[in-house]
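A look at the structure
The chain contents come next:
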Amino acid sequence: MTDLTATVVRLKLSLLRGGLRQSKGRRDAFVTSAVLALLFALAQLPAMVLLRGQPHGDAVSVVGTGVLALGWAFLPLFFPTGDETLDPTRLVMLPLRPGPLVRALLVGSLVGIGPLVSVLLLAGCVLVPARGVAGWVVAVLALVLALLVCVALARTVAVANVRLLTSRKGRDLAVLSGLVIAIGTQLVNFGARSLGSGGLGRLRPVADVLSWVPPASAVAAVRTASEGSYGVAVAQLAVTAAGLVVLVAVWARSLTKLMTAPDGSTLQAAGDAGAGRRRTGGLARLLPGGRTGAVMERTLRYIWRDPKTKAAWVTSLAVGLLLPVFYAIQHTGSIYFACFAAGMLGLQMYNQFGQDTSAFWMVAQTIRSPRDAYEELRGRALALLLITLPYTALVTVLTVALMDAWAMLPRVLGLSLALLGAMLATGAWTSARFPYSIPQEGHKNVVPGQAGIAWIALFGGMACSAVLCSPVIALVLWLGGGEPSWLLLPAGAGYGAGLALLGLRLAAPRTAARLPEILAAVSKG
């Protein structure tokens, strides 16, 4: 181990220790996540042992290796702050050559909980197909090669996107982590159902392809070596080794360019900001005049720029689409699951003043009467409707199309619009009655001491929304599948619009009367 490599390893260990010393909360979160990850990795070892001797056990190990490599490639893009050494530009002022630096960073990347968990997962993958002396020898080589490819892949992708990861847009990219988790959860659910109905044989075509794609090809070589096909095993190991060489070469080239090229990210960011201003100006011309248009534009800016608000919207859009669509694909859910999109998006009307934080005082200065409060709430609701109305219609139509139930479209869309109107009404009222502060730092969405208020606002509002929609639900049940069911679309839309207007009217006087209390509640973060 060279001096540079030893220095980088010590630096990585120092960064880990320093991060744990920053706060007790961060230390507890790290220990908890590390323990859970290790328990998961250890728990899969007995499961993989049970797959030994099964007809398609090796297919599971090959596909599992491919999924692990995919995680190594893309997770750093969504969680860039998890490893400070992912940004090599911090070493740009040091007299370091690319070759030794690449070797040092590669060895340093093997330090941490992630590599340890990966070793356990890969051990389970190579354990399944290994047979005989040749199989076990190849298994050891495959584990080492696969781990190095995963680490090199993560580093190559990170270096290629380091300018993005260290910019404001890169930090906003972490917002999509909720989307990744939601999609991943649904894909795992869908895959488990598919395997449960069709067996592990469904993985065989995918495994056959991945058997010649690094790093899964290294694990596939264990099976071929165990079966006595030594030439094929050597070829598959060579594919993984070649992939490692290519990744390291691309990594070194990108590193050289990154460490020597001028940083134009500031100019680029300025250009993007100017373009954003021009686009927003174009949108502003399409909005209504007066206070309503100004409030709508401000709300849309919050949605686009504020990280917490953007995270909430991305999560709601993703979950509101994924849940009904995945159930529709599997034909295991009700057509009325399409209403889930309206419910998720309607939640964005809740705690409207909390996203303003202490800056709400500027809004409060402009509210001098219930009429002003009504226009403020109406502008925020209309901004939400610009997104929620077409999105609700899109999810409903898509769900109906996937389930081939076009006759149900009017009633489902009508019920969704009624629910959306009820959520807007209760959201406006609870925003005035139960405001709470949203912390600007960290991952929490409620400051300590206000969690009870948030639960009352959310769950109380959702329960009231369901009650308010009961007339439309009763009408759906009464009409059944009869001919006049198409009337449910205008009836639901009209009823939802009426509820929204009534909720805004009732919330406006309370908002105007409670401005100091609202400001105090939303300024705690």
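Residues numbered from 1 in each chain as written. Predicted model: local features only at pLDDT ≥ 70, side-chain atom pairs only at ≥ 80, totals over all residues. Heavy atoms only, no water.

In terms of regular secondary structure, the protein chain is built from 23 helices and zero strands. Taken as a whole, the protein chain presents about 25800 Å² of accessible surface, with 70% of it coming from carbon and sulfur. (Helix = DSSP H or I, 4+ residues; strand = E, 2+ residues; numbered from the N terminus. Areas by Shrake-Rupley, 256 points an atom, 1.4 Å probe, with all protein chains shown as cover.)

This brings us to the packing of helix α21 (residues 470-479) against helix α22 (residues 488-513). Each packed pair of helices is defined by two parameters, the angle between the axes and the distance between the axes. The geometry of α21 relative to α22 is characterised by a closest axis approach of 10 Å and an angle of 170 degrees between their N-to-C directions. Classified by the angle their axes make, α21 and α22 are roughly antiparallel. On the side of α21, the interface is formed by Pro471, Val472, Leu475, Val476 and Leu479, while α22 contributes Leu488, Ala491 and Tyr495. By residue class, the composition of the contact of α21 with α22 is eight nonpolar, no polar and no charged. (Axes fitted to C-alpha atoms, helices over the stretch in contact; angles between N-to-C directions. Parallel < 35°, antiparallel > 145°, perpendicular 65-115°, else oblique. Contact = heavy atoms within 4.5 Å. Nonpolar A, V, L, I, M, F, W, Y, C, P; charged D, E, K, R; others polar.)

On to unusual backbone geometry, then. Across residues other than glycine, the phi torsion is negative in most instances, and most of the peptide bonds are trans. For the peptide bond that leads from proline 214 to proline 215, omega is 0 degrees, which places it in the cis range. For proline 215, the location among the structural elements is in the loop between α10 (204-210) and α11 (216-226). Unusually for a residue other than glycine, threonine 357 sits at a positive phi of about 50 degrees. Non-glycine residue aspartate 404 carries a positive phi angle of around 50 degrees. Position of aspartate 404 relative to the elements: it lies in the loop between α18 (370-403) and α19 (409-433).

Attention now moves to the environment of alanine 6. Tracing the chain through its elements places alanine 6 in helix α1 (residues 3-22). We classify alanine 6 as buried; its relative accessible area is 19%. On a C-alpha basis, the gap between alanine 6 and glycine 108 in space is 8.4 Å, while along the polypeptide they are 102 residues apart. (Buried < 20%, exposed > 50% of the residue type's maximum accessible area, 1.4 Å probe, protein only.)

Once that is clear, we can look at the pattern of salt bridges. Should their charged atoms come close, side chains of opposite charge can pair. Applying the stated criterion across every chain yields a total of eight salt bridges. Measuring nitrogen to oxygen at the nearest pair gives 2.9 Å for the salt bridge that ties arginine 291 to glutamate 376. Placement of arginine 291 in helix α14 (residues 290-305) and of glutamate 376 in helix α18 is noted, with a sequence separation of 85 residues between them. A relative accessible area of 1% places glutamate 376 in the buried class. The residue aspartate 356 makes a salt bridge to arginine 380 at a minimum N-O spacing of 2.7 Å. (Salt bridge = Lys/Arg side-chain N within 4 Å of Asp/Glu carboxyl O.)

Okay, the confidence of the model for the protein chain next. Per-residue pLDDT for the protein chain has a mean of 80; in total, 80% of the residues score no lower than 70. Within the protein chain, no element has a lower average pLDDT than helix α13 (residues 265-286), which sits at 50, and none a higher one than α22, at 92. pLDDT under 50 marks residues 264-280. Its contacts with residues more than four places away, or in other chains, come to four contacts. (pLDDT = per-residue confidence, 0-100.)

In this section: the packing of aromatic side chains. Evaluated as defined, the whole model comprises three aromatic pairs. On the basis of an interplanar angle of 50 degrees and a centroid distance of 5.0 Å, the ring pair of phenylalanine 353 and phenylalanine 360 is categorised as tilted. For phenylalanine 360, a relative accessible area of 0% puts it in the buried group. Above the plane of the ring of tryptophan 304 lies lysine 310, whose end atom (NZ or CZ) is 5.2 Å from the centre. (Phe/Tyr/Trp six-rings, centres within 6.5 Å; stacked < 30°, edge-to-face > 60°. Lys NZ or Arg CZ within 6 Å of the ring centre and 35° of its normal.)

Here we take up the state of the cysteines. Linking two cysteines covalently via their sulfur atoms produces the bond known as a disulfide. According to the stated counting rule, one finds zero disulfides in the structure shown. Not part of a disulfide, cysteine 150 finds its nearest cysteine sulfur in cysteine 125, a span of 9.7 Å. Left unpaired, cysteine 469 is separated from the closest cysteine sulfur, that of cysteine 339, by 8.6 Å. (Disulfide = S-S within 2.5 Å.)

A separate point is α18. If you check α18, its first and last C-alpha atoms are 46 Å apart, about what 34 residues at 1.5 Å a residue would give, namely 50 Å. Looking at the residues trailing α18, positive phi occurs at aspartate 404, about 50 degrees. (Expected span 1.5 Å × (residues − 1).)

The biggest cluster of nonpolar side chains holds 53 residues, and the ones touching the most others in it are Val126, Val222 and Leu237. Ranked by residue count, the leading element in this core is helix α6 (residues 132-160), at 13 residues. Those residues within four positions of valine 126 in sequence are excluded, and the remaining contacts are Ala139, Ala142, Leu143, Val219 and Val222. By size, the runner-up hydrophobic cluster in this structure holds 30 residues, among which are Leu287, Trp313, Leu377 and Ala508. (Core = buried A, V, L, I, M, F, W, Y, C linked by side-chain atoms within 4.5 Å.)

Among the secondary structure elements, serine 61 is positioned in helix α3 (residues 57-78). In this view, serine 61 contacts Met48, Cys125, Val128, Pro129 and Val219; residues no more than four positions away in its chain are not counted.

Running from amino to carboxyl end, α22 crosses helix α23 (residues 515-522) at an angle of 80 degrees, the nearest separation of the two axes being 5 Å. Judged on the interaxial angle alone, α23 and α22 are roughly perpendicular. Along the contact surface, α22 presents Thr511, Ala512 and Ala513, while α23 presents Leu515, Glu517 and Ile518. Each residue belonging to the contact of α22 with α23 can be placed in one class, and the counts come to four nonpolar, one polar and one charged.

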